[in-house]
Amino acid sequence: MKILLIIITFYLISGPVHCSDVIGYPGAQGLRSVHMDRFTLYDSGEFVTVIFRNLSVQDTGRYQGGVWRVWSHDINLKVKSDPCCSRTQTVTGYLGQTVTISCSYPVEFETNIRSVYKLDGRSEQEVIRTSATEEHQDGRFSISSDRRNKVFSVNISDVREDDAGLYSCAVGNEESEVIYQSLFTSIQLQVTGENLFFTICK
């Protein structure tokens, strides 16, 4: 299953139009809410979040955001192809053990935030995040980065049945008025209670 999702959040302010570039990758998953086909819009009153699902190269282009047709943000969405971002993985975890999810990321996100989301239909829940240089632990989840190899890893300790599901690696930018997370490589985590070892004697 290929899922591409990009989450774009911008703050509702008056004044001149702001322009931001947003990068997404095909093959991964670029309140009041409105759902229409592959798009979801959430409006908190203070900021708006737009979610694009199943992003494709055809989604590349200029988008405008604002309130009541008063556009306050120009968003230039660039959809790029990168071999690191179009894979689907299946990982098996064993009850009570530790499982690792590894994510390669594009070179242009070397200094950006990295995170992992758990996906459930139209719901996306960030389970853990880190900046470019930090390691972080949150309960049973920990995240670390290997900048030299452009990989970050998430460990889930004491694996439980409800950890099973679809996860997605994400990179993003929170250093401008338009914040975005681009979710790419999808990981199907299967959880089982069986961890069999065999010994062969002669």
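Just so you know, these numbers come straight off a predicted model, no measurement behind them.

S.K.: Account for the overall build of the chain, naming residues and giving values.
M.R.: The number of helices and strands found in the chain is 0 helices and 16 strands. Taking all 202 residues of the chain together, 44% fall into the buried category. Total accessible area computed for the chain in this model is approximately 11,100 Å², and 49% of it derives from carbon and sulfur atoms.

S.K.: An account of the nonpolar core is requested, with residue identities and associated values reported.
M.R.: Residues Cys103, Val116, Phe152, Val154, Ile156, Tyr167 and Ile187 are the most contacted members of the largest nonpolar core, which totals 24 residues. Elements represented by at least two residues in this core include exactly strand 9 (99–104), strand 11 (123–130), strand 13 (141–146), strand 14 (151–156), strand 15 (165–173) and strand 16 (178–192). It is strand 16 that contributes the most residues to this core, 4 residues altogether. With sequence-adjacent residues up to four places away left out, Val154 is seen in contact with Val99, Thr100, Ile101, Val116, Ile128, Phe141, Ser142 and Ile143.

S.K.: Explain the pairing of strand 16 to me, and be specific about the residues and the numbers.
M.R.: Across the 15 residues of strand 16, 11 count as buried, placing the element largely inside the fold. Here 7 bridges tie strand 8 (residues 88–94) to strand 16, and the two strands are oriented parallel to one another. Looking at the pairing, Gln89 lines up with Ile187 of strand 16. In terms of strand pairing, strand 15 meets strand 16 through 8 bridges, oriented antiparallel. Within the sheet, the bridge partner assigned to Leu166 lies in strand 16 and is Gln188. The antiparallel pairing of strand 15 with strand 16 creates a hairpin that spans 4 residues between the two strands.

S.K.: Please provide a residue-by-residue account of the state of the cysteines, values included.
M.R.: Each disulfide is one covalent bond, formed between the sulfur atoms of two cysteines. Tallied over the full model, the rule gives 1 disulfide. There is a disulfide in this structure between Cys103 and Cys169, and the S-S distance comes to 1.9 Å. Here the S-S torsion is close to -70 degrees, and the disulfide linking Cys103 with Cys169 is therefore left-handed. Here Cys169 lies in strand 15 and Cys103 lies in strand 9, a separation of 66 residues in the sequence.

Scoring rules and cut-offs
Residues numbered from 1 in each chain as written. Predicted model: local features only at pLDDT ≥ 70, side-chain atom pairs only at ≥ 80, totals over all residues. Heavy atoms only, no water. Helix = DSSP H or I, 4+ residues; strand = E, 2+ residues; numbered from the N terminus. Buried < 20%, exposed > 50% of the residue type's maximum accessible area, 1.4 Å probe, protein only. Areas by Shrake-Rupley, 256 points an atom, 1.4 Å probe, with all protein chains shown as cover. Core = buried A, V, L, I, M, F, W, Y, C linked by side-chain atoms within 4.5 Å. Contact = heavy atoms within 4.5 Å. Pairing = 2+ DSSP bridges. Disulfide = S-S within 2.5 Å.

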